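The lines below spell out each chain.
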Amino acid sequence: MSSLSGVRVNLFNENFLNESEQDANSVLTELDKGLRSAKLGVQCEAIVRFPRLFEKYPFPILINSSFLKLAEFFWNGSNLLRFWVLRVCQQSENHLDKILNIEAFVKRLFMVIHSNDPVARALTLRTLGAVSRVIPEKQQVHHAIRRALDSHDTIEVEAAIYASGQFAAQSRSFAICMCAKISDMIESLQIPVPMKLQLIPVLRHMHHDSNTSSLVKDLCLNLLPKYPAESR
């Protein structure tokens, strides 16, 4: 009797998984049609539904396929589509490690970093920052962030600051390499105060060795009398 029950349970589990996979494929096919719509609104609506799809059907093959599709639309789409792909990456952080073809995924995103549009570059930096946990030591991304910190476009610099905080939290080498750069920007007279306030939180990740920790400590102590917490 127990063996018969075991067979029934196994058959039930197998059928359930098959049905779940079929349901997931059906939903993905529907979303794919939405992505390929000629209407921008329909495309955006399809993109924002992906996080819910990942939660309901957390299958690596489905998630990998979905992220590759999203990266393709990020590469070839408008800035509005890129913004929504960014939001999907931010909302699906727990599923990023299920991306099997990470090199292909990042390559499609990174193509946009060479755009002449600073908004497109800024969205790329933020999206790369959002997926930093799965590409913490990607050197070409590190270099792109550092280069963007010297941009003349405020929106791109702010995106690079966000990406710096994300990568510094994940990568010891990035944090150590960027410590002096972030410190110089904070102390620079050319950097406006609101931007310095965005830079300072990046320092909390720069504690990976004694020299870096000491540099950050001295910088913070030096900043206290210059930028008091209360207005005088």
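Residues numbered from 1 in each chain as written. Predicted model: local features only at pLDDT ≥ 70, side-chain atom pairs only at ≥ 80, totals over all residues. Heavy atoms only, no water.

With that out of the way, let us pick up the packing of helix H4 (residues 60–76) against helix H6 (residues 102–110). It is the contact of H4 with H6, at a shortest axis distance of 8 Å, that shows an interaxial angle of 15 degrees. Considering their axes alone, H4 and H6 lie roughly parallel with respect to each other. As for how H4 packs across H6, the hand of that crossing is left-handed. Judged by residue contacts, Phe-67, Leu-68, Ala-71, Glu-72, Phe-74 and Trp-75 of H4 engage Ala-104, Phe-105, Arg-108 and Leu-109 from H6. Class assignment of the residues belonging to the contact of H4 with H6 gives a composition of eight nonpolar, no polar and two charged. (Axes fitted to C-alpha atoms, helices over the stretch in contact; angles between N-to-C directions. Helix = DSSP H or I, 4+ residues; strand = E, 2+ residues; numbered from the N terminus. Parallel < 35°, antiparallel > 145°, perpendicular 65-115°, else oblique. Left-handed = near helix turned anticlockwise from the far one by under 90°. Contact = heavy atoms within 4.5 Å. Nonpolar A, V, L, I, M, F, W, Y, C, P; charged D, E, K, R; others polar.)

Take the packing of aromatic side chains next. A complete count under the given rule lists six aromatic pairs for this structure. Ring centres 5.0 Å apart and planes at 70 degrees place the aromatic pair Phe-83 and Trp-84 in the edge-to-face group. Given a relative accessible area of 31%, Phe-83 falls into the partly exposed group. Judged by its relative accessible area of 28%, Trp-84 is partly exposed. (Phe/Tyr/Trp six-rings, centres within 6.5 Å; stacked < 30°, edge-to-face > 60°. Buried < 20%, exposed > 50% of the residue type's maximum accessible area, 1.4 Å probe, protein only.)

As a further point, take helix H2 (residues 40–48). When H2 is considered as a whole, its buried residues turn out to be Gln-43, Cys-44, Ala-46 and Ile-47. For H2, the arc enclosing every buried residue in end-on projection is 160 degrees, short of the 170-degree limit, so these residues lie on one face. (Arc of directions from axis to C-beta.)

What follows covers the confidence of the model for the chain. For the chain, mean pLDDT is 86; residues scoring 70 or higher make up 87% of the total. At the level of individual helices and strands, the chain shows its lowest average pLDDT in helix H1 (residues 2–35), which scores 60, and its highest in helix H7 (residues 118–130), which scores 98. In this model residues 4–19 is a low-confidence stretch, pLDDT under 50, and it forms zero contacts with partners more than four residues away in sequence or in other chains. (pLDDT = per-residue confidence, 0-100.)

Taking 1.5 Å of rise per residue, the 13 residues of helix H5 (residues 79–91) would be expected to cover 18 Å, and the 18 Å separating its terminal C-alpha atoms lies within 8% of that figure. Considered for burial, the residues of H5 that qualify are Leu-81, Arg-82, Val-85, Leu-86, Val-88 and Cys-89. The buried side chains of H5 occupy one side of the element, clustering within an arc of 160 degrees when seen end-on. Tucked into the core, H5 has its buried residues touching H2, helix H3 (50–56), H4, H6 and H7. (Expected span 1.5 Å × (residues − 1).)

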